[in-house]
Amino acid sequence: MKKNEKNEELQSRREFFKKAAKGALPILGAILLSGAPQILNAAEKSPMGFCYANGFI
């Protein structure tokens, strides 16, 4: 019986973490995607002091 109880406890923990992940992942994804335009704009700008004419400062 102990083995069966332990298995049920692990199953309930697994279900809890599944539900928690399903709730948290969309929120985290929305936060990351909301910052994506700023990240893309920063990547398009050249680094400070870099000149494209000769490749040096």
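The coordinates are above.
Residues numbered from 1 in each chain as written. Predicted model: local features only at pLDDT ≥ 70, side-chain atom pairs only at ≥ 80, totals over all residues. Heavy atoms only, no water.

A tally of helices and strands in the chain yields two helices and zero strands. Within the chain, buried positions represent 2% of all 57 residues. Accessible surface computed for the chain: about 5,700 Å², of which carbon and sulfur atoms make up 66%. (Helix = DSSP H or I, 4+ residues; strand = E, 2+ residues; numbered from the N terminus. Buried < 20%, exposed > 50% of the residue type's maximum accessible area, 1.4 Å probe, protein only. Areas by Shrake-Rupley, 256 points an atom, 1.4 Å probe, with all protein chains shown as cover.)

Let us now look at a nonpolar patch on the surface. A cluster of nonpolar side chains, Leu25, Ile27, Leu28 and Ile31, forms an exposed patch at the surface whose accessible area comes to about 420 Å². In this structure, Leu25 sits in helix H1 (residues 2-34). A relative accessible area of 56% places Leu25 in the exposed class. (Patch = residues over 30% accessible without salt bridge, like charges linked within 9 Å, V, L, I, M, F, W, Y side chains within 5 Å. Salt bridge = Lys/Arg side-chain N within 4 Å of Asp/Glu carboxyl O.)

What follows concerns the pattern of salt bridges. Any two side chains of opposite charge can pair if their charged atoms end up close together. What the rule picks out here adds up to one salt bridge. Taking the shortest distance from any N to any O, the salt bridge between Glu15 and Lys18 comes out at 3.9 Å. In this pair, Glu15 and Lys18 both sit in helix H1, three residues apart, roughly one turn of the helix.

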